[in-house]
Amino acid sequence: MATSRIAVVPMKVTQMKVAQVPKVGADFQIVEREIPKPGVGQVRIKVQACGVCHSDVLTKEGAWPGIQYPRVPGHEVAGIIDEVGAGVSAWKEGQRVGVGWHGGQDNTCRECRRGDFRNCRNLKIAGISYDGGYQQYMVAPVEALVAIPESLSDVEAAPLLCAGITTYNALRHSGALPGDLVAVQGIGGLGHLGIQFANKFGYQVAAIGRGSENAALAKKLGASVYIDSTSTTATAAEALQKLGGARVILATAPSSKAMSALIDGLGPNGKLMVIGATFDPIEVTPVQLISGSLTIQGWVAGTPADSEDTLRFAELTGVRPMIETYPLERVAEAYARMMSGKAQFRVVLTM
Ligand SMILES: [Zn+2]
Ligand SMILES: [Zn+2]
């Protein structure tokens, strides 16, 4: 009797699910797309988790110049390298990696030639310059890759690649030394990480929040003092002056008015470190800055090497983001939750 032979060919997955913004201001769409191939100097990442950051509003609402639509947002990506493109030797298939705000530099502009990749004139941003992590597979240039340590899960690592690195890097470059009074304004997506990092850096941490209900959480995160900015007995600036004046105030809540009101809470040589992004002006008089030699500085995230420092520090000290997770299909709900400001504290999509 003749036996028939059946060749078993494993079905190759060629399609993936993608959450895209079809055009400026439009609702998210879940669509199927062909899984992309990595080009020269790129890798393909099988995305496991992607944080939903407030800056994704830039892609959603077209507030960043030159975005081409449809566009897939997402710059807090954690996953596994699934294929490496030509010319890639330092990264291997199966390696856990992430992509944060710094999505690649040109290596040719004046800042890059000085080694200041963070301020590259032609900086690429994942989810803005090319499709980001709100999808099952993404392609990224090797300049954007961050190695993720084994002990951090994907959903924990993802928010550390934007919210985490931004607070960590801003604080470690702020000039504050162990023992200094450092205030963290805002207890939210950025602030809850800022308080933890500031505490582990050895600062005396004053957390500034709205209302008394955040006091217990702020202390649990590592603040030694909680200042209620809605208090009618003293302003937050007065409360800081009572403590001697802050060496650094890390301004995380996107309110220029609140930031302006805090400047008088700085001590001599104090610095207002601005990371909460808004488009309206901070108000300050020259006399305020001159007396006490104060500084106002802005800070943007950092390089993938800075991200690896952030992850390693988090691994060493136990700093972790507090997260709410949503499956990719519920992207609209996840985004709305982030925008509501009520999430505790970072929203993360899982694939
Ligand atoms: Zn971000
Ligand atoms: Zn450059």
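Residue positions are given per chain, counted from 1 along the sequence in the order it is written. All chains are assigned letters beginning at A, and all ligands numbers beginning at 1, according to the order in which they are written. Local features are withheld for residues below a pLDDT of 70 in this predicted model, meaning they are given only at 70 or higher, and side-chain atom pairs are given and counted only at 80 or more; totals for whole chains, interfaces and linings count all residues.

Draft legend 1. Layout of the domain arrangement of the chain. Examined at the domain level, the chain breaks down into domain 1 (16-162 + 302-350) and domain 2 (174-298). Of note, the centres of domain 1 and domain 2, computed from C-alpha atoms alone, are 29 Å apart. Any pair of residues counts as being in contact when their C-beta atoms, constructed from backbone geometry, are within 7 Å of one another. Each partner contributes residues to the interface: domain 1 has 9 residues there, and domain 2 has 8 residues. Its residues assigned to classes, the side of domain 1 that touches domain 2 shows 4 nonpolar, 4 polar and 1 charged. Domains are outlined according to an automatic or database domain assignment. Three residue categories are used. Nonpolar comprises Ala, Val, Leu, Ile, Met, Phe, Trp, Tyr, Cys and Pro, charged comprises Asp, Glu, Lys and Arg, and polar comprises the others, including Gly.

Draft legend 2. Layout of the sheet that holds strand β11 (residues 246-251). Judged by pairing direction, the sheet is parallel, and its 6 strands sit side by side in the order β10-β9-β8-β11-β12-β13 without closing on themselves. Two strands lie at the open edges of the sheet, namely β10 (225-228) and β13 (295-298), each paired on one side alone. The sheet shows a mean angle of 20° between the axes of neighbouring strands, direction not considered. Across 4 bridges, strand β12 (residues 266-274) lies against β13 in parallel orientation. If you follow Val274 over to β13, its bridge partner there is Gly298. Note on method: axes are straight lines fitted to C-alpha atoms, helices fitted across the in-contact stretch only, with angles between N-to-C directions ranging 0 to 180 degrees. Each helix is a run of H or I in the DSSP string that is no shorter than four residues. Each strand is a run of E no shorter than two, and both are numbered from the N terminus. Running at roughly 170° to strand β8 (residues 181-185), helix α4 (residues 191-200) makes contact with β8, β9 (204-209) and β11 of the sheet. By the convention used here, strands pair only if DSSP detects at least 2 bridges between them.

Draft legend 3. Structural context of α4. Among the 10 residues of α4, 9 are classified as buried, and the element is accordingly described as predominantly covered. The burial criterion counts other C-beta atoms lying within 10 Å of a residue's C-beta, which is placed from the backbone; the residue is buried at 20 or more, exposed at 12 or fewer, and partly exposed between these limits. Residues of α4 that are buried include every one of Gly191, His192, Leu193, Gly194, Ile195, Gln196, Phe197, Ala198 and Asn199, and no others. Against the buried residues of α4 lie α3 (154-172), β8, β9, α5 (215-221) and β11. Backbone geometry just downstream of α4 places Gly202 in the positive-phi region, at approximately 90°.

Draft legend 4. How the structure looks around the environment of Phe28. Position of Phe28 relative to the elements: it lies in the loop between β1 (15-20) and β2 (29-34). Take Phe28: there are 22 C-beta atoms within 10 Å of it, and that puts it in the buried class. As for Phe28 and Gln15, which are separated by 13 residues in sequence, their C-alpha atoms are 19 Å apart. Ignoring sequence-local partners within four residues, the contact set of Phe28 consists of Ala19, Val21, Val331, Ala332 and Tyr335.

Draft legend 5. Examining the packing of α3 against helix α9 (residues 304-317) more closely. Following both chains from N to C, one finds α3 and α9 inclined at 100°, their axes separated by 9 Å at the closest point. Classified by the angle their axes make, α3 and α9 are roughly perpendicular. Facing α3, whose interface residues are Ala157, Leu160, Leu161, Gly164, Ile165, Tyr168 and Asn169, α9 presents Asp306, Ser307, Thr310, Leu311, Phe313 and Ala314. Its residues placed into classes, the contact of α3 with α9 shows 8 nonpolar, 4 polar and 1 charged. In this scheme, roughly parallel covers angles under 35 degrees and roughly antiparallel covers those over 145, while 65 to 115 is roughly perpendicular and the rest are oblique.

Draft legend 6. View of α9. Multiply 1.5 Å by the residue count of a helix minus one, and that product is the helix's expected span. The end-to-end C-alpha distance of α9 is 20 Å, a good match for the 20 Å that 14 residues give at a rise of 1.5 Å each. Of the positions making up α9, those classed as buried are Pro304, Asp306, Ser307, Thr310, Leu311 and Ala314. Projected onto a plane normal to the axis of α9, the buried residues spread over an arc of 155° and lie on a single side. Just past α9, the residue Gly318 takes up positive phi, approximately 85°. Directions drawn from the helix axis to the C-beta atoms are what define this arc.

Draft legend 7. Unusual backbone geometry, seen in detail. A cis geometry characterises the amide bond from Tyr69 onward to Pro70, with omega recorded as -5°. Relative to the elements of secondary structure, Pro70 occurs in the loop between α1 (57-60) and β4 (77-84). The peptide bond linking Gln344 to Phe345 adopts the cis configuration, its omega dihedral lying at -10°. Relative to the helices and strands, Phe345 is located in the loop between α10 (331-340) and β15 (346-350). If you check the backbone angles, Asn107 has positive phi at about 65° while not being a glycine. As for its position among the elements, Asn107 is in the loop between β5 (96-99) and α2 (110-113). Despite not being glycine, Asn269 shows a phi value in the positive range, around 60°. Its location among the elements puts Asn269 in strand β12. By the C-beta count within 10 Å, which is 13 here, Asn269 ends up partly exposed.

Draft legend 8. Quick look at the packing of α3 against α4. At their nearest, the axes of α3 and α4 sit 9 Å apart, and the two run at 40° to each other. One finds that α3 runs oblique with respect to α4. Here the hand of the crossing between α3 and α4 comes out right-handed. Residue-level contacts link Ala163, Gly164, Thr167, Tyr168 and Leu171 of α3 to Leu193, Gly194, Phe197 and Ala198 of α4. Looking at the contact of α3 with α4 residue by residue, the class counts come to 6 nonpolar, 3 polar and no charged. It is the rotation of the near helix from the far one that decides the hand of a crossing: anticlockwise by less than a right angle makes it left-handed, clockwise makes it right-handed.

Draft legend 9. Here's a closer look at the nonpolar core. A set of buried residues drawn from Ala, Val, Leu, Ile, Met, Phe, Trp, Tyr and Cys, joined through C-beta atoms within 7 Å, is what defines a nonpolar core. In this structure, Val182, Ala206, Ala207, Ile249 and Leu250 are the most contacted members of the largest nonpolar core, which totals 94 residues. Here this core gets 11 residues from one element, more than from any other, and that element is α3. Taken together, domain 1 (16-162 + 302-350) and domain 2 (174-298) each give at least three residues to this core, which thus spans both. Here Ala206 is in contact with Leu181, Ala183, Ala223, Val225, Ile227, Leu240, Leu243 and Ala246, once residues within four sequence places are set aside.

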